[in-house]
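# Chains, contacts and geometry: an overview
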Amino acid sequence: MSSSTSSQPWVNPAGTTRLLWTILATVVALTLLAYLVAFDQGAVSRSGTYLHELMHDGRHLLGVPCH
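In short, a report on the structure. (Residues numbered from 1 in each chain as written. Predicted model: local features only at pLDDT ≥ 70, side-chain atom pairs only at ≥ 80, totals over all residues. Heavy atoms only, no water.)

## So, the overall build of the protein chain
Going by this rule: Secondary structure follows DSSP: runs of H or I at least 4 residues long count as helices, runs of E at least 2 residues long count as strands, and numbering of each begins at the N terminus. Relative accessible area decides the class of each residue, using a 1.4 Å probe on protein chains only: under 20% of the type maximum gives buried, over 50% gives exposed, and in between gives partly exposed. The Shrake-Rupley method, run with a 1.4 Å probe, gives the accessible areas here. Residue values count only the displayed protein chains as cover.
Check the secondary structure of the protein chain and you find 2 helices and 0 strands. For the protein chain, the proportion of its 67 residues judged to be buried stands at 16%. A total accessible area of about 5,800 Å² is found for the protein chain, and carbon and sulfur atoms account for 68% of it.

Next comes the structure, spelled out in structure tokens:
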């Protein structure tokens, strides 16, 4: 009697897909945040003074030249 056992580990494709989407969403969110803080210069953040000042202070905190 022969038994067929594989030596490869079982991979959960649903968990792998969820992990890939989580990593992609994190990269996109961090890229957007880096753009807003470092390169925006107020173009998007003019909607309110609080958001503009928050991004401006973030530039100073990170050492990005802004003025």
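## Observations regarding helix H2 (residues 49-62)
The condition that has to hold: The span expected for a helix works out to 1.5 Å for each residue beyond the first. This arc is taken over the directions from the axis of the helix to the C-beta atoms. Whether two residues are in contact is decided by their heavy atoms, any of which lying within 4.5 Å being enough.
The terminal C-alpha atoms of H2, which comprises 14 residues, lie 20 Å apart, in line with the 20 Å expected from a rise of 1.5 Å per residue. For H2, every residue scored as buried is listed here: Met55, His56, Gly58 and Arg59. Each buried residue of H2 lies within a common arc of 155° when the element is viewed along its axis, so the set occupies one face. More than 90 degrees from the buried face of H2, the exposed residues found are Thr49, Tyr50 and Leu61. Buried residues along H2 sit against helix H1 (13-38). Positive phi appears at Gly63, one or two residues downstream of H2, with a value of about 80°.

## Some thoughts on H1
Every α-helix winds through 3.6 residues per turn, so residues three or four apart in the chain are directed the same way. In this model, H1 (26 residues) spans 37 Å end to end at C-alpha, consistent with the 38 Å of a helix rising 1.5 Å per residue. Those residues of H1 that fall on the buried side of the exposure criterion are Leu36, Val37 and Ala38. Among the structural elements, H2 are those in contact with the buried residues of H1.

## Examining the packing of H1 against H2
Helix-helix packing is characterised by the crossing angle of the two axes and by the distance between the axes. Put simply, the test is: To obtain an axis, a line is fitted to C-alpha atoms, over the contacting stretch when the element is a helix, and the angle between two such axes runs from 0 to 180 degrees between their N-to-C directions. Angle categories: roughly parallel below 35 degrees, roughly antiparallel above 145, roughly perpendicular from 65 to 115, and oblique for all the rest. Throughout this entry, Asp, Glu, Lys and Arg are counted as charged residues, while Ala, Val, Leu, Ile, Met, Phe, Trp, Tyr, Cys and Pro are counted as nonpolar. The remaining residues, Gly among them, count as polar.
With their axes 8 Å apart at the nearest point, H1 and H2 run at an angle of 90° to one another. For the element pair H1 / H2, the angle class is roughly perpendicular. Between H1 and H2, the contacting residues are Leu36, Val37 and Ala38 on the first element and Met55, Gly58, Arg59 and Leu62 on the second. Residues that form the contact of H1 with H2 fall into these classes: 5 nonpolar, 1 polar and 1 charged.

## Let's talk about the environment of Asp57
As for its position among the elements, Asp57 is in helix H2. Judged by its relative accessible area of 46%, Asp57 is partly exposed. Considered as a pair, Asp57 and Val37 are 20 residues apart in the sequence and their alpha carbons are 8.7 Å apart.

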